[in-house]
Amino acid sequence: MTEFEPFERALINLTLARPSGDEWAQIRTGLAGAAVDWPRFRRLVEHNDVAPWVHRQLETLQLLWAVPVEIDRRLADRRREVAAANAARLQVTVRFLAAVRARNVRVVVLKGVLFAETVYGEAGYKKMNDLDILVPFADIEAIKQIYDELGLIPLALLEGGGEAPDENKGHHLPAYVSPDLAFVVGTHWRLAGAKSGFRLDHAAMWRRVVPVTIAGESAWALAPRDNLLHLVVHFHYYKTGLKELGDVANLIRAIPDLDWGVFAEEVVAAGLQGQAYRVLRLVEALYGPLVPETMLAACRAGAEPFIVADTDRLAARGAVLLASRSTWSSEIEKAYLRFTYESGFSAKLRA
């Protein structure tokens, strides 16, 4: 396992959904001593964007007394902010799911909103940018009608204006948003587009979907290993933070009967070895031996040499890994969208 300072190990363990007794003990010993670098602890929490769950776990463990008052305040403020935003988003989500159920349309809830319910048990465990769903392409028009009834507005932007969606050319609709921009929904009929080069067996995934309840409303979820495959598909190369890798680690820990042999076959068949190697190798560096060596070996064999070497270098340097998360790619994308669709010179210049 990669080496970390005791307070860094404590922080990593605080991002676990259900720490073991030994992991709780590492948190206590890591934060109760005099050697804690509290300014770095705060910077790492904020850089990795894990304040809500870290504060919740510190409260559960009755360890907030050990945290400097100013840091406690910052964590608590962030937790309240995220909880309020997620609660408002969840209200719209429940209305949407009720409307979907009334039309007898199967909707698969993906990632954060699903994990909040099934893995963490808390809607405000992290800041969520949107609700992501997977639907059969045949039901896209029905979904768009529901969005219209809920007052959601399509952001056509770069997705092709008002053109009708093409099942073979794309894999998702433009984002739909509420008028106050507080709720965003991403609608997918595939988990990745043809240009990605990934060969995903969506028909098999649909055969494996399972019923789930989201805030009391019925919906569907991918099978556990398909959720893990989805995280691999959408893992951003530079978003190597506790917020993202923690979801992967906690999902793996929530699937004690995961058949790694089958999963490895699916990763290879989909051409995801490089993606999977980076995700799983970094998860192991942070959270310990969660991934069998046979799985990593299968990924390593088919991954690009640069990805393997770059990932191994990062995994070997604990302090660097904890501070490596970057969101600049998404910031650049947002700025580009603003630049493209602003009409005034001043606004374009700012973007």
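Preceding this section is the structure that the text describes.
Our subject in this report is the structure included herewith. (Residues numbered from 1 in each chain as written. Predicted model: local features only at pLDDT ≥ 70, side-chain atom pairs only at ≥ 80, totals over all residues. Heavy atoms only, no water.)

Thoughts on the packing of helix α12 (residues 273-287) against helix α13 (residues 293-302)
Put simply, the test is: Axis geometry follows a simple rule: fit a line to the C-alpha atoms, using only the stretch in contact for helices, then measure angles between N-to-C directions, giving values from 0 to 180 degrees. The secondary structure listing takes helices from DSSP runs of H or I that are at least 4 residues long and strands from runs of E that are at least 2 residues long, numbered from the N terminus. The labels follow the angle: roughly parallel below 35 degrees, roughly antiparallel above 145, roughly perpendicular from 65 to 115, and oblique for the rest. For any helix crossing, the convention is left-handed if the near helix is rotated counterclockwise from the far helix by under a right angle, and right-handed if that rotation is clockwise. Any pair of residues with heavy atoms lying within 4.5 Å of one another is described as a contacting pair.
Contact geometry for α12 and α13: axes closest at 8 Å, N-to-C directions at 140°. The pairing of α12 with α13 is recorded here as oblique in orientation. At the point where α12 passes α13, the crossing takes the left-handed sense. Packed against α12, whose contacting residues are Q273, A276, Y277, L280, R281 and E284, the element α13 presents M295, L296, A298, C299, R300 and G302 at the interface.

A few points about the environment of K126
Test applied: Burial classes follow relative accessibility: with a 1.4 Å probe on protein chains only, a residue under 20% of its type's maximum area counts as buried, one over 50% as exposed, and anything between as partly exposed. As used in this structure description, the phrase polar contact means that two N or O atoms lie within 3.5 Å; if the pair is within protein, one of them must be able to donate a hydrogen and the other to accept it, and residues adjacent in sequence are counted only when both atoms belong to side chains.
Along the chain, K126 falls in the loop between α6 (111-120) and β2 (131-134). For K126, a relative accessible area of 15% corresponds to the buried category. Separated by 111 residues in sequence, K126 and T15 place their C-alpha atoms 10 Å apart. With sequence-adjacent residues up to four places away left out, K126 is seen in contact with P52, V82, N86, G112, K243 and D247. Within the structure, the side chain of K126 is placed 2.6 Å from the side chain of D247, a separation counted as a polar contact.

Examining the pairing of strand β7 (residues 217-221)
Looking along a regular strand, one sees the side chains alternate between the two faces of the sheet. For clarity, the cut-off: Two strands qualify as a pair provided DSSP detects at least 2 bridges between them.
Residues of β7 alternate between two faces, with E217, A219 and A221 buried on one and S218 and W220 left unburied on the opposite face. Strand direction decides the pairing type here: strand β6 (residues 210-214) and β7, joined by five bridges, are antiparallel. By the bridge assignment for β7, V210 is matched with A221. Between β6 and β7, which pair antiparallel in sequence order, lie two residues; one of them, A215, sits at a positive phi of approximately 50°.

Examining α13
In plain terms, the rule: Regarding the arc, it is the one traced by the directions from the helix axis to the C-beta atoms.
Inspection of α13 places M295, L296 and C299 among the buried residues, and these make up the whole buried set. One side of α13 holds all its buried residues, which, seen down the axis, span an arc of 95°. For α13, the exposed residues lying more than 90 degrees away from the buried face are T294 and A301. Elements that come into contact with the buried residues of α13 comprise α11 (260-270) and α12.

As for unusual backbone geometry
Of note, N104 is a non-glycine position whose phi angle comes to about 60°, a positive value. What makes N104 exposed here is its relative accessible area of 70%. Residue A215 is not a glycine yet carries a positive backbone phi of 50°. In this fold, A215 is placed in the loop between β6 and β7.

Overview of the packing of aromatic side chains
Definition in use: Stacked, tilted and edge-to-face are the three classes assigned to paired rings of Phe, Tyr and Trp, where Trp is represented by its six-membered ring and a pair needs centres within 6.5 Å; plane angles under 30 degrees give stacked, over 60 edge-to-face, the rest tilted. For a ring to carry a charge above it, either NZ of a lysine or CZ of an arginine must fall within 6 Å of the ring centroid while also lying within 35 degrees of the normal to the ring plane.
By the definition in use, this model includes eight aromatic pairs. Residues Y147 and Y176 carry aromatic rings whose centres are separated by 4.6 Å and whose planes lie at 40° to one another, so their mutual orientation is tilted. Here Y147 is found in helix α7 (residues 140-149), whereas its partner Y176 is found in strand β4 (residues 176-177), with 29 residues between them in sequence. Among the residues examined, Y176 registers a relative accessible area of 8% and is labelled buried. Ring pairing ties together the aromatic residues W53, Y120 and Y125, which thus form one cluster. For R106, the ring lying beneath its charged end belongs to W220, and the centroid distance is 5.7 Å. Looking at R278, its charged tip hangs above the ring of Y237, at a distance of 3.6 Å from the centre.

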